[in-house]
Amino acid sequence: MSRPAHARIDLGALRRNYDTARRIHGGQVLAVLKADAYGHGAVACAQGLAGLVDGYAVAFLDEALVLRQAGIEEPILVLEGAFDADETRVAAARSLWLAVHRREQIEWIAAAARVRTAGGATVPAAGMHAWLKVDSGMHRAGFIGDEVRAAYEALRACGNVTGISLMTHLARADESASDMTAAQIRAFDAATQGLAAPRSVCNSAGMAAWPDARRDWGRAGVMLYGVDPMDSPTLALEPVMTLHSRVFAVRDVDVGHAVGYGARFVARRPTRVGLVALGYADGYPRNAPEGTPVAIDGRPGQLIGRVSMDMLTVDLTEHPQAGIGSAVELWGSQVPVAEVARAAGTIPYEILSNVKRVTRSYVGG
Ligand SMILES: *Cc1c(COP(=O)(O)O)cnc(C)c1O
């Protein structure tokens, strides 16, 4: 038997979550596949969504090129935009959509208007679609206030820009009580007033909780993977990843004896400890505390002891039927990844995108 640490990815669930995103938001929705599709495998997820989606989004050029090389022909938006003129040229040649958030990027687009052929002639390059990024209050990147109109006009003056969309990003949309989202919507609308272009405001939380933020395009990330971004979930989403492994050793530990690094767990009762083949080098959070939920042969169970690099320990005391070979789900359809994230003091985004080294298998393709 080879190492039993696996991530099972349900592409049917991914498609249904995409449908949910589009039904909620209306208009068109980009499927965000950055960070290897939040740890789910970008190429397989893109193929699983092909024919259904209006387009994809990734963080940077290389992530987009991986999808193009795999034969994905739908639009792909590069959310961070180009880092230099060469990247801009490559993006144009591969028909990628580039976010534009600072002046230099517009100059690079203008410079990419003509390409040199193998014979040395200079010919017009393919047209580009730019997504002009508006800083409506998050203050990471983007044009602010009056700069927006100037950037829009500068893009229009580039002969090779054949389409412009207007986008902004919400900083606190996952907090239903925050007034920042309404302020960002107002700032975006004011900065873009009168500009003839499709608009995009919503990430997953925007779609879930802020009907006023819905525009022509949504950008669905974490909700595609079955995670409701709000503290009080309202969306009917299905988990896409099930991270699972098996018990491969069992031992009885007497009262007062410790288990694992740091001897952090000390048995307060005679304890049956199951050793599971999955650890922090596979992406399971090392700081998950004792009591973090797992499922053992389909029944609720708990993590005990410190998570190691390649393995972790679970409490089998109340699982007398369990033993070597028992199935352990770390998160998925039985253990919500949001609960594991909360226990570990982080967010599902981080632990999903950290998954590595385990073998991935795809169902529902
Ligand atoms: C990552 C990202 C998204 C998707 O965010 P989710 O919260 O995962 O839905 C949308 N827009 C931008 C600009 C992003 O960087």
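Because the structure is predicted, anything quoted here is derived from the model rather than measured.

Engineer: Help me understand the nonpolar core, please; the structure alone is not making it clear to me.
Structural biologist: Grouped burial of nonpolar side chains is what soluble globular proteins tend to show. Ranked by size, the top nonpolar core spans 113 residues in total, and within it Leu33, Tyr56, Leu132, Tyr284, Leu312, Leu330 and Trp331 carry the most contacts. Counting residues domain by domain, this core receives three or more from each of domain 1 (11–225) and domain 2 (241–363). Those residues in contact with leucine 132 that sit more than four places away from it in its chain are Val100, Phe143, Val148, Ala151, Tyr152, Leu155, Ile164, Ser165, Leu166 and Met167. Within the second largest apolar cluster, 6 residues are counted, among which are Val253, Phe265, Val273 and Ile304.

Engineer: When you look at the environment of glycine 51 in this model, what are you seeing that I'm missing?
Structural biologist: Inspection of the secondary structure puts glycine 51 in the loop between helix H3 (42–49) and strand S3 (55–58). Separated by 312 residues in sequence, glycine 51 and valine 363 have C-alpha atoms that sit 18 Å apart.

Engineer: Before we go on, may I ask you to explain H3 in this structure?
Structural biologist: Since the α-helix turns once every 3.6 residues, residues separated by three or four places project in the same direction. Along H3, 6 of the 8 residues are buried, which leaves the element largely enclosed by surrounding structure. When H3 is considered as a whole, its buried residues turn out to be Ala42, Ala44, Cys45, Ala46, Gly48 and Leu49. Looking at the buried residues of H3, the elements they touch are helix H1 (11–25), strand S2 (28–32), helix H2 (34–39), S3, helix H4 (61–69) and strand S20 (359–363). Looking one or two residues past H3, glycine 51 carries a phi angle of roughly 85 degrees, positive in sign.

Engineer: Looking at this model, I keep getting lost on the pattern of salt bridges. Mind explaining?
Structural biologist: Opposite charge on two side chains permits them to pair, given that their charged atoms come into close proximity. Within this structure, the stated rule accounts for 13 salt bridges. A salt bridge links glutamate 153 to arginine 156; the nearest nitrogen and oxygen atoms lie 4.0 Å apart. Highlighted residues: glutamate 153 and arginine 156, both in helix H7 (residues 146–157), separated by 3 residues, approximately one helical turn. Under the relative-accessibility criterion, arginine 156 is labelled exposed at 54%.

Engineer: Mind showing me how you'd approach the UniProt feature "domain: Alanine racemase C-terminal" (unreviewed entry) in the protein here?
Structural biologist: The sites that UniProt annotates as "domain: Alanine racemase C-terminal" (unreviewed entry) are residues 240–363. Between the C-alpha atoms that bound residues 240–363 the distance is 10 Å, and the span itself is 10% helix and 38% strand.

Engineer: Teacher, can you tell me more about empty space enclosed by the protein here?
Structural biologist: Over the atoms a probe the size of a water molecule is rolled, and this reveals where empty space is left. Throughout the structure, instances matching the rule amount to 1 cavity of 30 Å³ or more. If you add up the space inside the largest cavity, you get close to 50 Å³. Around the largest cavity sit Lys133, Val134, Asp135, Ser136, Met138, His139, Arg140, Ala141, Thr168, His169 and Gln184, which together line it.

Engineer: Could you clarify how one ought to interpret the layout of surface pockets in this entry?
Structural biologist: Estimates place the volume of the second largest pocket at around 230 Å³. In terms of lining, the second largest pocket is formed by 16 residues, of which the most central are Val259, Gly260, Val273, Leu275 and Thr313. Listing elements by their share of the lining of the second largest pocket, those giving two or more residues are strand S12 (241–253), strand S13 (258–259), strand S15 (271–276) and strand S18 (312–315). Of the residues assigned to the lining of the second largest pocket, the class counts are 10 nonpolar, 4 polar and 2 charged.

Engineer: Please clarify how the site of the ligand should be interpreted in this entry.
Structural biologist: The ligand sits among Val32, Lys34, Tyr38, Leu79, His169, Asn203, Ser204, Arg219, Gly221, Val222 and Tyr349. Residue arginine 219 places a side-chain N or O atom 2.8 Å away from a nitrogen atom belonging to the ligand. Glycine 221 has a polar backbone atom sitting 2.9 Å from an oxygen atom of the ligand. Partitioning the shell around the ligand into residue classes produces 5 nonpolar, 4 polar and 2 charged.

Engineer: Which parts of the structure should I look at to understand the UniProt feature "active site" (unreviewed entry) in the protein?
Structural biologist: Mapped onto the present numbering, the UniProt feature "active site" (unreviewed entry) falls on Lys34 and Tyr261. Sequence-wise these annotated residues cover 228 residues; spatially they are dispersed, their C-alpha atoms as much as 34.3 Å apart. Within this annotated set, the second largest pocket is lined by Tyr261. The contact partners of lysine 34, leaving out residues within four places of it in the chain, are Ala57, Val58, Ala59, Glu63 and Leu79. Within the secondary structure, tyrosine 261 is located in the loop between S13 and strand S14 (265–266). Leave out the neighbours within four places in its chain, and tyrosine 261 touches Arg306 and Ser308.

Engineer: How should I be thinking about the packing of aromatic side chains in this particular structure?
Structural biologist: One pair of aromatic rings is described through two measures. These are the centre distance and the angle between the planes. Scanning all chains against the criterion turns up 6 aromatic pairs. Between tryptophan 97 and tryptophan 131, the ring centres sit 5.7 Å apart and the planes meet at 25 degrees, which makes this aromatic pair stacked. Taken together, the residues tryptophan 97 in strand S5 (residues 97–100) and tryptophan 131 in strand S8 (residues 128–134) connect sequence positions 34 residues apart. For tryptophan 97, a relative accessible area of 14% puts it in the buried group.

Engineer: Is there a simple way to explain the domain arrangement of the protein in this structure?
Structural biologist: How big an interface is tends to be stated in terms of accessible area lost as the parts join. Per the domain assignment, the segments of the protein are domain 1 (11–225) and domain 2 (241–363). Taken together, the contact pairs 10 residues of domain 1 with 8 residues of domain 2. Area buried by domain 1 at its contact with domain 2 is led by Tyr38, Gly39 and His40, which between them contribute 49% of it. For the interface between domain 1 and domain 2, the tally reads 1 salt bridge. Counting across the domain 1 and domain 2 interface gives 4 residue pairs in polar contact (both at pLDDT 80 or more). Secondary-structure elements contributing two or more residues to the side of domain 1 that touches domain 2 are H1 and H2. By residue number, the principal contributor to the side of domain 1 that touches domain 2 is H2, which donates 4 residues. Split into classes, the residues belonging to the side of domain 1 that touches domain 2 amount to 5 nonpolar, 4 polar and 1 charged.

What counts, and at which threshold
- Residues numbered from 1 in each chain as written.
- Predicted model: local features only at pLDDT ≥ 70, side-chain atom pairs only at ≥ 80, totals over all residues.
- Heavy atoms only, no water.
- Core = buried A, V, L, I, M, F, W, Y, C linked by side-chain atoms within 4.5 Å.
- Buried < 20%, exposed > 50% of the residue type's maximum accessible area, 1.4 Å probe, protein only.
- Domains from an automatic or database assignment.
- Contact = heavy atoms within 4.5 Å.
- Helix = DSSP H or I, 4+ residues; strand = E, 2+ residues; numbered from the N terminus.
- Salt bridge = Lys/Arg side-chain N within 4 Å of Asp/Glu carboxyl O.
- UniProt positions renumbered as here; feature names shortened; annotations may be inferred.
- 1 Å grid on protein atoms, 1.4 Å probe; cavity = no way out; pocket = protein on both sides within 12 Å on 5 of 7 lines; lining within 4 Å.
- Points joined across faces, edges and corners; volume = space filled by probe spheres on them.
- Nonpolar A, V, L, I, M, F, W, Y, C, P; charged D, E, K, R; others polar.
- Near = heavy atom within 4 Å.
- Polar contact = N/O pair within 3.5 Å; in protein donor to acceptor, adjacent residues only side chain to side chain.
- Phe/Tyr/Trp six-rings, centres within 6.5 Å; stacked < 30°, edge-to-face > 60°.
- Buried area = accessible area lost by both parts, 1.4 Å probe.

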